[in-house]
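Listed here are the chains, written in short residue letters.
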Amino acid sequence: GRGMFTTFTNTQYLILYSLIYHTTKSRGVRTDALRRFSTYPFGIMRLVIDNFYLNSLGEVILSSFRVFLQGFDTFIHYCIVRDLVLVDYSSNGDGKLIAMHILFVVWVLHAALNQLIQCSTASVMVRTWNAIASKHPLKHMTLKQNNDVGSTEEESTSSSNIVASSENSIGNGGEMKQKYLDGSDDDYIVRQLLHHERVPKHLRGRQGAASAGVDTAVRIETALTILVAFFMIGLGEVPFRVLTFGAHVGDVFLGNRQRMLCGAVYGWLLWSLLYGVWALFLRARQPDPMQSILSSHQRHLRLQSFIGSVDLVAMIAIATYVLSSQSRLIPLLASVSITGNSLIQGSQHVSPKLLRRAFKVLEFMAKLTIVRTLAKVSPVHDNDLAVVSFGLTVLWLSWVVSNPIPTPCEVDRSHSKDAADVVFLGHPAELSDIWAMWLLPYSLNDRWTPPFWAFPLWPLHCLIGWYLCNHRRRIFGDRASYFCCDDVRYGETRLQNWVSAHFGRHFVTNPCQVKENIEAAARHAEAIGVKVLCLGALNKAESINGGGVGVVKALGPNRRLSIIHGNHLTAAAVVETIHQCFGDKNVKLFLTGASSKVGWAVARALKDRFGYEILCHSTDSGRRSFFKEQGFAAASTLAEGSAFTKYWIVGKYDTNVTQLIPQNATAIVFSVPHPLAGRRDVRVIEAGTLHMDLTRLDRPRVFSNKLKAHEIFACHASSVV
């Protein structure tokens, strides 16, 4: 075959692994520095900076894993030197052989010293940095001040006792939250690096937590790693291959028009692929507000449309006239991707983001297949393609490094200057509701219902729900405990709609994980500067956090975030709706869910203000006794309510209500969801749903908790009130 599609050696694959490992480590260290904590137990700073602990089984396993990582990295160094020696020996380069032996000795000594002093190279760098920073007298914060800026943050320590105590807290099901009762920052290795006043101001970078040099170095390392992975896995070649050609580069193209044309087409598609790689891995998901404004400029949109048109023309021409005889799959992929993107862009309706991304991926795969096939069958010499690839690669690296758009690890979300004023934290009711987030955006003219093809996928939904509830937050931190599905301004108030990473069933099956997810979302809201967090649906359940009291306690006494549950407005809306329905008539009402906070408030208000006769339902004898002591009639079964009246107030999701509610009854519901969707004869009035003035929004809503665009739950509206 051609030189572009060579078989890689084991050492080349090991080099790719080493690049990925070191890039992950560098990006993780910078991320930990930005948020000033490292997750337990596999936080990057815990693996590469902290001391080796052997006081418990968990510490032994973690230390063994660290030794394995360092030992395997040393083995990769050995393989690199071995292959270089073999290559150099075959070319009779005695001078280079001595230099490589010296390099090998240095690497061996480096690994041996790491094991001898029981300290990683990163720890040595921290101590060296301390020696440099000590020349600049900086104010050290006291414990109280440190708690003010990050009392809920977890940080790696060199104290075995603290690590052991944090392991106990993990065993109880919570995130490790270090409570430093004594000592200063000098007692802890990682805090010496993370201290926000440790770095002199003239060395701080654009995010205020690391120098500009670190930003650039991490970006270059990330770009190189992604580039190598793309070339080896996607294109089947190594980058910068032209450097091995030596003097043979000078005869490329040689004025051959056909070779120049094929090289230009190859370069166009390769650059398109490199741009797609940048957009996928190196572009922050939430760019700067100014960048969003620029991207919406009409001139920018016209330029983007023109480039897209040229791109599609190139794909059609190559797939149809150059490669059609090689493979039928290539024209098919190109045609499907082009047709799909054209339909989405020309449609009058809003298309789901998942669908747009699917066609983008299909287009990327079609281009990748075309590039690989073009390199095999085109009349262009292999050296020509290598030169084009080298030039575009260098240009791409230069553009990535100088690009003002930050990479994901450079975005400091922990100190957002434009945080939301109000956040509503809800959760999906059913597992199939995950599609309500995956298919965003969609039309809000009607209430959202799961697509028919989603129900056979329930095994997949169960697996996804299990991962989201139990592991997503633990792997990616507090920021992964929710999904931000909507971000609008209502007047002068910025509203965000967060959806917790757990479902209704998990409140029964995994209550501890649900509690931790809610507290993690609250911690993140506190960290980024949110003013009000409103707990929706079961996120405020008494059994989980006592109506939000547990969340308040978890944030500590120095919290700046207000926690509300919206039950007051929900109860007021229910009472007002019932009064509008019946006025001052003397009616009998049967109330389910009367023992809840909203239900009891509704019962008291209807009886005391309007004199309605209320029959409260509860299966618990103690609660029925309480109702009777307060002057209310009590029922133990729904059948008693059926005999009592045809006017029901449904405040609890109970499927038995569907069978036992009287024929042609009227139900005022504030249970979300309510169980009466299958009773067409029952008049259902949703008392817990309000309407909002859409003219006060700065942009259309994208997600409305499965309601219509103008509808909003009362507990959600209370956050604005």
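Right, let's walk through the structure included here. (Residues numbered from 1 in each chain as written. Predicted model: local features only at pLDDT ≥ 70, side-chain atom pairs only at ≥ 80, totals over all residues. Heavy atoms only, no water.)

## Notes on the packing of aromatic side chains
So, step 1. Applying the stated criterion to the full structure yields 23 aromatic pairs.
So, step 2. Aromatic side chains Phe8 and Tyr13 sit 5.8 Å apart centroid to centroid with 85 degrees between the ring planes, which places their arrangement in the edge-to-face category.
So, step 3. Ring centres 4.8 Å apart and planes at 85 degrees place the aromatic pair Trp435 and Trp453 in the edge-to-face group. Highlighted residues: Trp435 in helix H16 (residues 435–438) and Trp453 in the loop between H16 and helix H17 (458–476), separated in sequence by 18 residues.
So, step 4. The partly exposed category is assigned to Trp453, whose relative accessible area is 35%.
So, step 5. An aromatic cluster is built from Tyr17, Tyr21, Phe68, Phe72, Phe75 and Tyr78, whose rings are joined through pairwise contacts.
So, step 6. The ring of Phe632 is capped by Lys607, whose NZ or CZ atom sits 5.5 Å from the centre of that ring. (Phe/Tyr/Trp six-rings, centres within 6.5 Å; stacked < 30°, edge-to-face > 60°. Helix = DSSP H or I, 4+ residues; strand = E, 2+ residues; numbered from the N terminus. Buried < 20%, exposed > 50% of the residue type's maximum accessible area, 1.4 Å probe, protein only. Lys NZ or Arg CZ within 6 Å of the ring centre and 35° of its normal.)

## Remarks on the sheet that holds strand S2 (residues 482–490)
So, step 1. The strand order S2-S3-S1-S4-S5 describes an open sheet built from 5 strands, whose pairing is mixed. This sheet does not close on itself; its edge strands, each paired only once, are S2 and strand S5 (562–564). Strand-to-strand, the axes of this sheet are offset by a mean angle of 20 degrees, without reference to chain direction.
So, step 2. Note: strand S1 (residues 422–426) against strand S3 (residues 493–500), 5 bridges, orientation parallel. Bridging from a neighbouring strand, Gly426 pairs with Val499 of S3.
So, step 3. Of the strands in this sheet, S1, S2, S3 and strand S4 (532–535) touch helix H19 (residues 511–528), which is tilted by about 155 degrees from S3. (Pairing = 2+ DSSP bridges. Axes fitted to C-alpha atoms, helices over the stretch in contact; angles between N-to-C directions. Contact = heavy atoms within 4.5 Å.)

## Notes on a nonpolar patch on the surface
So, step 1. Together, Phe452, Trp453, Leu457 and Leu460 line one region of the surface with nonpolar side chains, adding up to about 410 Å² of accessible area.
So, step 2. Considering the arrangement of structural elements, one finds Phe452 in the loop between H16 and H17.
So, step 3. A residue is classified by how much of its surface remains accessible, and Phe452, at 70% relative accessible area, is exposed. (Patch = residues over 30% accessible without salt bridge, like charges linked within 9 Å, V, L, I, M, F, W, Y side chains within 5 Å. Areas by Shrake-Rupley, 256 points an atom, 1.4 Å probe, with all protein chains shown as cover. Salt bridge = Lys/Arg side-chain N within 4 Å of Asp/Glu carboxyl O.)

## Things to note about the pattern of salt bridges
When the charged atoms of two side chains lie near each other, side chains of opposite charge can form a pair.
So, step 1. Across all of its chains, the model carries 13 salt bridges by this definition.
So, step 2. The partner of Lys531 in a salt bridge is Asp421, and the shortest N-O contact between them spans 3.3 Å. Of this pair, Lys531 sits in the loop between H19 and S4 while Asp421 sits in the loop between helix H15 (382–402) and S1, placing them 110 residues apart in sequence.
So, step 3. Taking relative accessible area as the criterion, Asp421 reaches 16% and is therefore assigned buried.
So, step 4. Put simply, Arg560 and Glu526 hold a salt bridge, and the shortest N to O gap is 4.0 Å. Of this pair, Arg560 sits in the loop between helix H21 (549–555) and S5 while Glu526 sits in helix H19, placing them 34 residues apart in sequence.

## Describing the nonpolar core
So, step 1. Of all hydrophobic cores here, the largest spans 27 residues; its most connected members are Phe230, Tyr266, Leu274 and Trp396.
So, step 2. Those elements giving two or more residues to this core turn out to be helix H9 (212–235), helix H10 (257–282), helix H14 (353–377) and H15.
So, step 3. The element contributing the most residues to this core is H10, with 9 residues.
So, step 4. In this structure Leu274 touches Leu227, Phe230, Phe231, Leu392 and Trp396, once residues within four positions along its chain are discounted. (Core = buried A, V, L, I, M, F, W, Y, C linked by side-chain atoms within 4.5 Å.)

## Describing the environment of Ser596
So, step 1. Along the chain, the position of Ser596 falls in the loop between strand S6 (588–592) and helix H23 (597–610).
So, step 2. Within the local environment of Ser596, its side chain forms a polar contact with the backbone nitrogen of Gly599, the two atoms lying 3.1 Å apart. (Polar contact = N/O pair within 3.5 Å; in protein donor to acceptor, adjacent residues only side chain to side chain.)

## Section: helix H22 (residues 567–582)
So, step 1. When the terminal C-alpha atoms of H22 are compared, their 23 Å separation across 16 residues agrees well with the 22 Å that a helix rising 1.5 Å per residue should span.
So, step 2. Two residues or fewer after H22 comes Gly583, characterised by a positive phi angle close to 60 degrees. (Expected span 1.5 Å × (residues − 1).)

## What to know about unusual backbone geometry
So, step 1. The linkage connecting Val672 with the following residue, Pro673, adopts the cis geometry, with an omega of -5 degrees.
So, step 2. As for its position among the elements, Pro673 is in the loop between strand S10 (666–669) and strand S11 (683–686).
So, step 3. Despite not being glycine, Asn664 shows a phi value in the positive range, around 60 degrees.
So, step 4. Residue position: Asn664 is located in the loop between helix H26 (656–660) and S10.
So, step 5. Even without glycine at this site, Lys706 takes up a positive phi of about 70 degrees.
So, step 6. When you line up the elements, Lys706 lands in the loop between strand S12 (689–691) and strand S13 (711–713).
So, step 7. Using a relative accessible area of 29% as the deciding quantity, one classes Lys706 as partly exposed.

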